Amino acid sequence: MIDERSAGPALVRVAQRHVDHRLKRRDAPGQEISRRGEARLSLDEELCRRMADHHHAAPALQDDAGLRAQYRELKRRTAELYRSITTEAGITVRPWTSPGQPYRDSRDLRRRVRSSGVLWVYPTRAGHGPSRATDGRHPMREPSGVRADGVELCHNDLFRAVHDVFGHLMFGHGFGPAGEFRAAFCQMALYPPDVHPVLFTEQVGQVAWFFYGPHLRLRDGRLPRRGEPGYVPPHHRPYPQQKVFRFAEEFVEAFPRMFDLGATREES
């Protein structure tokens, strides 16, 4: 079901075409993008902490032929999805050059994109998290060959646009942990499974670290809630470190199990 929070069925059709093209068939269980967008999420906070710890402990920079191939495919698929945003969906992507973030929250993003047809993307060069160990070597920071407003976008800029459109705009998912995980679950269907370990590094692992990381926990290991002593509001938290590694398969397999495709989020 698509309600008033979404950008309408047009984006769903664009996304589903990519899913169908990747699968070459339409009968794969759980691959209807509308079912993914409305699936009920049961947040497993223990799993979220373990994913955050995995990202935290992972090496900053791995390098092997298989990993390079996975990142090349991630960039290629992202570029295809980006082109669909600008050609099929008719959304104009522009780099945000003013101070601060372009949107107050996901509701502001949806309202402004729907009314203007423009998606403002916070440029990677303005904020991509600590990356000293990967400076000049992070594959997502390489030039994409795409220009917007005279600015050449890197692959991570394209990835941000794809995430905002197919993750947040399409079904109205928020910017909190549940919304970001729902957005990631939808995006997983748009990429082949062999890319998921690096998709996780670029997305799910960072979300887990931002909301459940060890830097946010009290001495007893507990995460303080809003209003409790020690709670750090999201706008005061650091970005996760930008790393290049292959996320462990156990987490790639466990993450989708938080979603129930047989129930909708309105029922949760």
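Preceding this paragraph is the structure being described.
Just so we're clear, the structure is a prediction, and the values are computed from it rather than from any experiment.

1. Topic: the overall build of the protein chain
Tallying secondary structure elements over the protein chain gives ten helices and six strands in all. Counting only contacts in the protein chain whose residues sit at least 6 apart along the sequence, the fraction spanning at least 24 positions is 76%. Element-wise, carbon and sulfur atoms account for 50% of the exposed surface of the protein chain, whose accessible area totals about 12700 Å².

2. Remarks on the pattern of salt bridges
The full count for this structure, using the stated rule, is 16 salt bridges. The salt bridge partner of Arg-17 is Glu-88, with a shortest N-O separation of 2.3 Å. Taken together, the positions of Arg-17 in helix H1 (residues 9-23) and Glu-88 in the loop between helix H4 (65-87) and strand E2 (92-95) put the pair 71 residues apart, joining distant regions of the chain. Given a relative accessible area of 39%, Arg-17 falls into the partly exposed group.

3. A look at the environment of Gln-206
Following the sequence through the fold, Gln-206 ends up in helix H9 (residues 204-212). Judged by relative accessible area, which is 12%, Gln-206 ranks as buried. Distance in space between the C-alpha atoms of Gln-206 and Gln-241 is 8.0 Å, their sequence separation being 35 residues. Polar side-chain contacts of Gln-206 include one of 3.2 Å to the side chain of Gln-242.

4. Observations concerning the layout of surface pockets
As a volume, the largest pocket reaches approximately 1200 Å³. If you go around the largest pocket, you meet 38 residues; those closest to its centre are Gln-101, Phe-175, Glu-180, Phe-210 and Tyr-239. Residue contributions to the lining of the largest pocket peak at six residues, all from helix H6 (residues 155-169). Within this model, the second largest pocket holds a volume of roughly 320 Å³. Pro-177, Phe-211, Arg-225, Tyr-231 and Arg-237 are, among the 14 residues lining the second largest pocket, the residues nearest its centre. Looking at the lining of the second largest pocket residue by residue, the class counts come to nine nonpolar, one polar and four charged.

5. Focus: the side chain of Ser-106
Mapped onto the elements of the fold, Ser-106 is located in helix H5 (residues 106-116). With relative accessibility at 9%, the residue Ser-106 sits in the buried group.

6. Things to note about empty space enclosed by the protein
Tallied over the full model, the rule gives one cavity of 30 Å³ or more. There is about 40 Å³ of room inside the largest cavity. Taken together, His-18, His-21, Arg-22, Arg-77, Glu-80, Leu-81 and Leu-190 form the lining of the largest cavity. Of the residues that constitute the lining of the largest cavity, the class distribution is two nonpolar, two polar and three charged.

7. A closer look at the nonpolar core
Ile-33, Met-51, Leu-119, Phe-166, Phe-181 and Phe-255 are the most contacted members of the largest nonpolar core, which totals 68 residues. Contact partners of Phe-181, with chain neighbours within four places excluded, come to Leu-41, Leu-43, Cys-48, Met-51, Val-204, Val-207, Ala-208, Tyr-212, Phe-255, Met-258 and Phe-259.

8. What about the packing of aromatic side chains?
Tallied over the entire structure, the rule returns nine aromatic pairs. Geometrically, the ring pair formed by Phe-255 and Phe-259 is edge-to-face, given 5.4 Å between the ring centres and 65° between the ring planes. For the pair shown, Phe-255 and Phe-259 are each scored as buried. Here the aromatic residues Phe-181, Phe-185, Phe-200, Phe-245, Phe-247, Phe-251, Phe-255 and Phe-259 are joined through ring pairs into a cluster of three or more. For Arg-36, the ring lying beneath its charged end belongs to Phe-185, and the centroid distance is 4.2 Å.

What counts, and at which threshold
- Residues numbered from 1 in each chain as written.
- Predicted model: local features only at pLDDT ≥ 70, side-chain atom pairs only at ≥ 80, totals over all residues.
- Heavy atoms only, no water.
- Helix = DSSP H or I, 4+ residues; strand = E, 2+ residues; numbered from the N terminus.
- Contact = heavy atoms within 4.5 Å.
- Areas by Shrake-Rupley, 256 points an atom, 1.4 Å probe, with all protein chains shown as cover.
- Salt bridge = Lys/Arg side-chain N within 4 Å of Asp/Glu carboxyl O.
- Buried < 20%, exposed > 50% of the residue type's maximum accessible area, 1.4 Å probe, protein only.
- Polar contact = N/O pair within 3.5 Å; in protein donor to acceptor, adjacent residues only side chain to side chain.
- 1 Å grid on protein atoms, 1.4 Å probe; cavity = no way out; pocket = protein on both sides within 12 Å on 5 of 7 lines; lining within 4 Å.
- Points joined across faces, edges and corners; volume = space filled by probe spheres on them.
- Nonpolar A, V, L, I, M, F, W, Y, C, P; charged D, E, K, R; others polar.
- Core = buried A, V, L, I, M, F, W, Y, C linked by side-chain atoms within 4.5 Å.
- Phe/Tyr/Trp six-rings, centres within 6.5 Å; stacked < 30°, edge-to-face > 60°.
- Lys NZ or Arg CZ within 6 Å of the ring centre and 35° of its normal.

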